[in-house]
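Examination of the molecular architecture
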Amino acid sequence: MNQLSDRLNSLSPSATLAMSQKSNELKAQGVDVINLSVGEPDFNTPDHIKEAAKKAIDDNFSRYSPVPGYPALRNAIVEKLKKENGLEYTAAQISCANGAKQSVCNAIMVLVNPGEEVIVPAPYWVSYPEMVKLAEGTPVIVSAGIEQDFKITPEQLEAAITLKTKALILCSPSNPTGSVYTKEELAGLAAVLAKHPQVIVIADEIYEHINYIGKHESIAQFPEMKERTVIVNGVSKAYAMTGWRIGFIAGPEWLVKACNKLQGQYTSGPCSVSQKAAEAAYTGTQEPVKEMQKAFQRRRDLIVKLAKEVPGFEVNVPQGAFYLFPKCDSFFGKSCGERTIKDSDDLALYLLEEAHVACVGGASFGAPDCIRMSYATSDENIEKSICRIKEALAKLK
């Protein structure tokens, strides 16, 4: 008997985690698989951060922490936002959680009532619509294709807003596309939102430091948006700390207090040792961040160059994060032996089994004509994987 709740049954499993699992299963069988499916830096956590964690253990940071996080970490985040983003917050406007994923989910859960709408630009990170469904809200998908660098326009945003609209989820730099909104583009969206004061922006800025245009821009910088924006960020991507599970929100105090209330009932404060490590990340040297960013930019240039040489791929140049999102619908309907490619999920599975390269089909990202490749891997793996992909795709007729 199926006794699971309707709430759970309404959710889709994570496509990125599913593909990573299939990749690992093949690896366990001895297959040489190159995994481009995981959104995770391949660098190690910088040594000074690890040392701070070791010290925290020795100093007995082993008990429950405050629900929103230690004051020292929240104050470090306040200073980071002031110094790097020119944004003024207080510690009471910061709440730390078990990763940026929980931070996004907290914000959605405290804002959205059943039947209310949340605008989700597509391509989107796979979890956004599922989190909205979990809150019994309605995801309103606004699609932006490769011809507009996967970024929505003010006109599209205006057309999507209704009396039921509660929030907009904006991810820049973007997962899965690597697209980055410029200050001018954000100003255009802010001008639309100024006419609809009921709409809150959840600004996922977790890839802030992995951008190739010089300076990160936040929609919270516009005076009319500051009190209507929830910034989501954390240490996972910039500091190679995915497993440490520390994210945060910065926003209006009423909303932060609501997130604390929610979090206090189902996870409480995040890991004490991880918080001390995150504090060291924000207050210590930023040189490792810069070095990783340089490596990602070099890899971006390499994978774009090689992918553009693959017949049938349509490739743009991502401005941030560590993903390439080529359009691949030219292969739909083509076959290799008895196998016919119906969609991008089919193509991703074909590339895993035929080329032994793990990518993720675009359907779960709201872009069924594309596939996502993570270039958070070595130059050698990038070169080898695109070579394998090119050979496998040439077999499709």
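Scroll up to find the structure this text is about.
Attention in this report is confined to the structure presented alongside it. The structure presented is a predicted model; accordingly, all values stated were derived computationally and were not measured.

**Side note on the pattern of salt bridges**
Summed over the entire model, instances satisfying the criterion amount to 24 salt bridges. K290 serves as the salt-bridge partner of E287, at 3.4 Å between the closest nitrogen and oxygen. Note that E287 and K290 are positioned in helix α11 (residues 287-307) at a spacing of 3 residues, about one turn of the helix. Owing to a relative accessible area of 41%, E287 belongs among the partly exposed residues under this scheme. Among the charged side chains, a salt-bridge network with shared partners connects D42, R298, R299 and D379.

**Quick look at helix α6 (residues 127-134)**
A large share of α6 lies buried, amounting to 6 of its 8 residues. Buried within α6 we find S127, Y128, P129, E130, M131 and V132. Contacts made by the buried residues of α6 are with α5 (100-111), β3 (117-122), β4 (138-143), β5 (165-171) and β6 (200-204). Following α6 by one or two positions, E136 has its phi on the positive side, about 65 degrees.

**Things to note about helix α8 (residues 183-193)**
Within the span of α8, buried status applies to L186, L189, A190, V192 and L193. Buried residues of α8, viewed axially, fall in a sector of 155 degrees; they line one side. Structurally, α8 contributes buried residues whose contacts are with α7 (154-160), β5 and β6.

Cut-offs used in this document
- Residues numbered from 1 in each chain as written.
- Predicted model: local features only at pLDDT ≥ 70, side-chain atom pairs only at ≥ 80, totals over all residues.
- Heavy atoms only, no water.
- Salt bridge = Lys/Arg side-chain N within 4 Å of Asp/Glu carboxyl O.
- Helix = DSSP H or I, 4+ residues; strand = E, 2+ residues; numbered from the N terminus.
- Buried < 20%, exposed > 50% of the residue type's maximum accessible area, 1.4 Å probe, protein only.
- Contact = heavy atoms within 4.5 Å.
- Arc of directions from axis to C-beta.

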